[in-house]
Amino acid sequence: TLCNHPHGTISKSFERHSLVVCKACKFCYTAPWPTPDELSAWYGDAYNDKMKRHYGNTPLPDTHFIAKRASQQAAFIREAISDSGVPAPMRVIAEGGAGWGRLLREFAFDDDAAGRELHMFEYDEDALYYARDVECGGTAAKLNLHAFCDCAPGKELAAGSCDLILSSHVLE
């Protein structure tokens, strides 16, 4: 783990991997770390091929690995928030390294989406547009796109302005 604490609790499992929560700092991580071959198999062309991602006109099917993983992550996040006593619903959610927006989609179409503000931070501008037009298209939430390369003063979020900040699969 990032904090070097040796003990974690398995909260969810998928294939040969588990989502582990550090008992000391609550950091969540995948164990064991996926191999490069596993990452390639999981993401495949759908993740790395900009043309396929950008010009796809429908969201991933719920049976796709990435969709299943996002659903499990969102369920875990909601459960952890419920257990923590943090007031719900979360009105402002930001995700750094949001990829093509599948995890944010889980919060873009839930029962609390109306009145919610979602911030998506990503280097790949094609991914931002795909998330806006396809994965999160039609949401009642306000979707804000932020390219990491566009860090001009005044465009950052104010300290303390988010109810939830996500950073998923950015350390793999």
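Numbering of residues starts from 1 in every chain and runs along the sequence as written. Confidence filtering applies because this is a predicted model: local features only for residues at pLDDT of at least 70, side-chain atom pairs given and counted only at 80 or more, and all residues used for totals across whole chains, interfaces and linings. The side-chain values count all of the structure's non-hydrogen atoms but skip hydrogen atoms and water molecules.

**A look at the overall build of the protein chain**
Point 1. Each helix is a run of DSSP H or I of at least 4 residues and each strand a run of E of at least 2, with the numbering of both proceeding from the N terminus. From N to C terminus, the protein chain includes five helices and seven strands.
Point 2. Each helix and strand of the protein chain, placed in order from N terminus to C terminus, yields the pattern β-β-β-α-α-α-β-α-β-α-β-β.
Point 3. Whether a residue is buried, partly exposed or exposed follows from its accessible area with a 1.4 Å probe, protein chains only, as a fraction of its type maximum: under 20%, in between, or over 50%, in that order. For the protein chain, with 172 residues in total, the buried portion stands at 40%.
Point 4. Contact between two residues is taken to exist if any of their heavy atoms lie within 4.5 Å; hydrogens are not considered. A separation threshold of at least 6 residues defines the contact pool for the protein chain, and within that pool the share at least 24 residues apart is 63%.

**Overview of the pairing of strand 4 (residues 92-96)**
Point 1. Of all five residues in strand 4, five are buried, a share of seventy percent or more.
Point 2. Here strand 4 shows no split at all, with Val92, Ala94 and Gly96 on one side and Ile93 and Glu95 on the other all buried.
Point 3. Only strands joined by at least two bridges in the DSSP assignment are considered to pair. Strand direction decides the pairing type here: strand 4 and strand 5 (residues 117-122), joined by five bridges, are parallel. Along strand 5, the bridge assignment pairs isoleucine 93 with leucine 118.
Point 4. Crossover strand 4 to strand 5 through helix 4 (residues 102-108) is right-handed. Handedness of a crossover is defined as follows: orient the strands so they point away from the viewer, and if the path from the first strand over the helix to the second runs clockwise, the crossover is right-handed.

**Overview of helix 3 (residues 65-84)**
Point 1. Taking 1.5 Å as the rise per residue, helix 3 with 20 residues should run 28 Å; its terminal C-alpha atoms sit 28 Å apart, in good agreement.
Point 2. Positive phi appears at glycine 85, one or two residues downstream of helix 3, with a value of about 85°. Under the convention used throughout, the expected extent of a helix is 1.5 Å for every residue step, that is, one less than its residue count.

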